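# A closer look at the structure
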Amino acid sequence: MGARVITITSGKGGVGKTTATANLAVALANLGKKVVCIDADIGLRNLDVVMGLENRIVYDLVDVVEGRCKLRQAMVKDKRVPDLYLLPAAQTRDKTAVSPQDMVALTSQLRGDYDYILIDSPAGIEWGFRNALAPADEVIIITNPEASAVRDADRIIGLVEAEGRKIPTSLVINRAKPDMIRRGDMLSVNDVLDILSTPLLGVIPDDEQIIVSSNRGNPLTLDNQKTPASEAIRDIARRITGAKVPIGELERKKGGLFRRLARLFRRSKA
Amino acid sequence: MDDSITLKGIKEGLLVTVKPEGRWSDLSGRLVTLIDAQGSFFRGAQVTLSLGPRELRQNELANVRKQLDERGVILKAVLSDSTATLEAARKLELRTALHVTELAEEQSEALELRPPPIDPEEYGSPGVMVKRTLRNGRTIHSEGHVVVLGDVNAGAVIVAGGDIIVWGRLRGIVHAGAGGDESAVVCALHLAPTQLRIAGYITISPDDKQRKPRPEKALVRNGRIEAVAWE
Ligand SMILES: Nc1ncnc2c1ncn2[C@@H]1O[C@H](COP(=O)(O)OP(=O)(O)OP(=O)(O)O)[C@@H](O)[C@H]1O
Ligand SMILES: [Mg+2]
């Protein structure tokens, strides 16, 4: 048993996989969990930057796979939280330097000692995505409330399903803008769920503080900062650990017919 | 008068019944003469060939199809009591039992067509059933019908020789009757395809999001694709 390996992926680039991985890892560690995150985006690594651990990297994932160092030597400890480690990606190598089997072997070495292994997947559906998916026990799909991101998420969910391992998959909608949704200018949470029919793990609002914190290498979930995004991410972390955290106003989803009736009702009152 | 070959108009087009007696080469020649004698009357017709117990090889069937083809007549289906003939017809991708039951009801006396044995292996039209949502990037190709128990999401594609039935929301691209069968239909609980084709016709969904989803059937009528309530 041991760790749960959770792969964070999206299909479309730039929707917030790395941001979510870094912040969830910190939030889980703050809940007292032992956490490793693995940057599977070889050649375009940036999880280390967002986590603020770039300057501490000595070895990377490819060094481990090619036997130049031991696995533990490549793991960078985040000193700001109790039990958080980063296994960084190689910056200079091609993604084919690592195979799906390597990823399975590597995670199985770590499973015994940690509670969560989070894998930050590269964009796309090619090699890097295969690497990130191979060892996954669970998959978190990140999407934005935009048609193109949702399309790609749908494709990815189909590919995960096609894997045939029945990997539990859940959805995080990132960068939601409540007032745009209210005006009908952005896909609503229900619109996205209607298309993807995948369990919702949480909704992260669009939040400038995310950008500020990423630039400083200071994940928002580190201190007790209360911003809309950091609270949403902490809730998601608690849901991952199995806590029943109710889904907020923005995220609310009710069953098909009831939901429609409710919507109709609201409309008729307006 | 020679009654070794009879022609009859049916709902599906033209039913050609060839008596089991006589040599095939003579009879197929006679069939061609009969059609030629009608000038362009049968041009564009879809022919169902009823052969009784006669055994035909694939090349014999292919030959008659070619000759009909040259006259603008399309060989569509073969009714036969011979497994060899049915097999040959299937190899040529001909239908081997086109609405046999309907035929039997409407025309059985005139045609002396025996009621078909209930054997889906032999008479059922081939098809594919998909018991999950077809997501973006998935494609299904089938020469027969396609049934999906789930949604067909935008970016998914279904191409079927026959009908397409979606027990869910249809938002992807579908092509029914892809081999040219204009009688093919597309049904869905919520019909909102990115693009819908039947045989050579093509349409896109009207852009009215307010409309309440209801089960609909798309079919070719009056030279265009129309959607009607599916009940
Ligand atoms: N909730 C949010 N609010 C505001 N900005 C956000 C939010 N989430 C992510 N961003 C910003 O969006 C950009 C892309 O985020 P990120 O790098 O995490 O995406 P990614 O999916 O990992 O991208 P890639 O596919 O390139 O790996 C970053 O500038 C990030 O700061
Ligand atoms: Mg990234």
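In what follows, the accompanying structure is described. From a predicted model like this one, the values you see are computed outputs, not experimental measurements. (Residues numbered from 1 in each chain as written. Chains lettered and ligands numbered in written order. Predicted model: local features only at pLDDT ≥ 70, side-chain atom pairs only at ≥ 80, totals over all residues. Heavy atoms only, no water.)

### Looking at the overall build of chain A
This is how the line gets drawn: Helix and strand labels come from DSSP, where a helix needs a run of H or I of at least four residues and a strand needs a run of E of at least two; each type is numbered from the N terminus. Based on C-alpha atoms, the radius of gyration is set beside the globule rule, defined as 2.2 Å times the residue count to the power 0.38. Relative accessibility under 20% of the residue-type maximum defines a buried residue, over 50% an exposed one, and the middle range a partly exposed one, all with a 1.4 Å probe and only protein chains included. Contact between two residues is taken to exist if any of their heavy atoms lie within 4.5 Å; hydrogens are not considered. Per-residue accessibility takes into account occlusion by the displayed protein chains alone, with areas from the Shrake-Rupley method and a 1.4 Å probe. When charges are counted, Lys and Arg contribute as positive and Asp and Glu as negative, whereas His and the chain ends are disregarded. The atoms used to mark charge sites are NZ of Lys, CZ of Arg, CG of Asp and CD of Glu.
Secondary structure assignment for chain A yields 12 helices and eight strands. On C-alpha atoms alone, chain A measures out to a radius of gyration of 18 Å, which is about the 18 Å that the 2.2 N^0.38 rule sets for 270 residues. Its C-alpha atoms give chain A principal-axis dimensions of roughly 65 × 40 × 35 Å. Expressed as a percentage of its 270 residues, the buried residues of chain A come to 53%. Intrachain contacts of chain A at a sequence separation of at least 6 include 76% that bridge at least 24 residues. Total accessible area on chain A stands at roughly 12300 Å², and carbon and sulfur atoms take up 51% of it. Computed over 40 positive and 34 negative side-chain charges, the separation of the two mean positions in chain A equals 5 Å.

### Some thoughts on the packing of aromatic side chains
The way to describe two aromatic rings as a pair is by their centre distance and the angle between their planes. Quick reminder of the rule: Each pair of aromatic rings taken from Phe, Tyr and Trp, with Trp reduced to its six-membered ring, is defined by centres within 6.5 Å and is described as stacked if the planes are under 30 degrees apart, edge-to-face if over 60, and tilted in the remaining cases.
For the structure shown, the criterion picks out two aromatic pairs over all chains. Ring centres of Tyr 85 of chain A and Tyr 114 of chain A lie 5.7 Å apart, and the angle between their planes is 75°; this geometry places the pair in the edge-to-face category. Taken as a pair, Tyr 85 of chain A in strand β4 (residues 84–87) and Tyr 114 of chain A in the loop between α5 (100–110) and β5 (116–120) lie far apart in primary sequence, 29 residues in all. For the pair shown, Tyr 85 of chain A and Tyr 114 of chain A are each scored as buried. With centroids separated by 6.0 Å and ring planes inclined at 80°, the aromatic side chains of Trp 167 of chain B and Trp 230 of chain B adopt a geometry described as edge-to-face. Highlighted residues: Trp 167 of chain B in strand β9 (residues 164–170) and Trp 230 of chain B in the segment after β15 (224–229), separated in sequence by 63 residues.

### Quick word on a nonpolar patch on the surface
Residues and elements named next belong to chain B. Defined as follows: Nonpolar side chains (Val, Leu, Ile, Met, Phe, Trp, Tyr) within 5 Å and like charges within 9 Å form the patches, drawn only from residues with over 30% relative accessible area and no salt bridge. In the sections that follow, a salt bridge refers to a side-chain nitrogen of Lys or Arg positioned within 4 Å of a carboxyl oxygen of Asp or Glu.
On the surface, Met 129, Leu 149 and Trp 167 cluster together into a nonpolar patch covering about 330 Å² of accessible area. Note that Leu 149 resides in the loop between β7 (145–148) and β8 (157–160). Among the residues examined, Leu 149 registers a relative accessible area of 37% and is labelled partly exposed.

### Quick notes on the site of ligand 1
All names here are of chain A. For clarity, the cut-off: Being near a molecule or strand, for a residue, comes down to having at least one heavy atom within 4 Å of it. Here a polar contact means two N or O atoms within 3.5 Å. Within protein one must be a hydrogen donor candidate and the other an acceptor candidate, and residues neighboring in sequence count only if both atoms are side-chain atoms.
Lining the immediate surroundings of ligand 1 are 17 residues, of which Lys 17, Thr 18, Thr 19, Asn 174 and Asp 207 lie closest. At 2.7 Å from an oxygen atom of ligand 1 is found a side-chain nitrogen or oxygen belonging to Thr 18. Considered on its own, ligand 1 offers 630 Å² of accessible surface; in the complex 80% of this is hidden by protein. Of all the elements in the fold, those that place two or more residues in the shell around ligand 1 are α1 (17–30), β7 (169–176), β8 (200–205) and α10 (208–216).

### Some thoughts on the interface of chain A and chain B
As a measure of interface size, the accessible area lost when the parts come together is often cited. Stated precisely, the cut-off is as follows: The buried area of a pairing is the accessible area, by a 1.4 Å probe, that goes missing from both parts when the two are put together, added over both. Gly is placed with the polar residues, together with every amino acid not listed as nonpolar (Ala, Val, Leu, Ile, Met, Phe, Trp, Tyr, Cys and Pro) or charged (Asp, Glu, Lys and Arg).
Listed as interface residues are 16 residues of chain A and, on the opposing side, 11 residues of chain B. Together, Arg 151, Asp 154 and Arg 155 of chain A form the three largest contributors to the area buried by chain A at its contact with chain B, with a combined 43%. Across the pair Arg 135 of chain B and Glu 161 of chain A runs a salt bridge, and its minimum N-O distance is 3.2 Å. Counting the contacts that link chain A with chain B gives eight residue pairs in polar contact (both at pLDDT 80 or more). Contributions of two or more residues to the side of chain A that touches chain B are made by α7 (147–162), α9 (189–196) and α12 (256–269) of chain A. Broken down by element, the side of chain A that touches chain B gets its largest block of residues, nine residues, from α7 of chain A. Across the side of chain A that touches chain B, the residue classes tally to five nonpolar, three polar and eight charged.

### Overview of the side chain of Ser 99 of chain A
By the secondary structure assignment, Ser 99 of chain A is in the loop between β4 and α5. In this view, Ser 99 of chain A contacts Trp 127 and Asn 131 of chain A; residues no more than four positions away in its chain are not counted.

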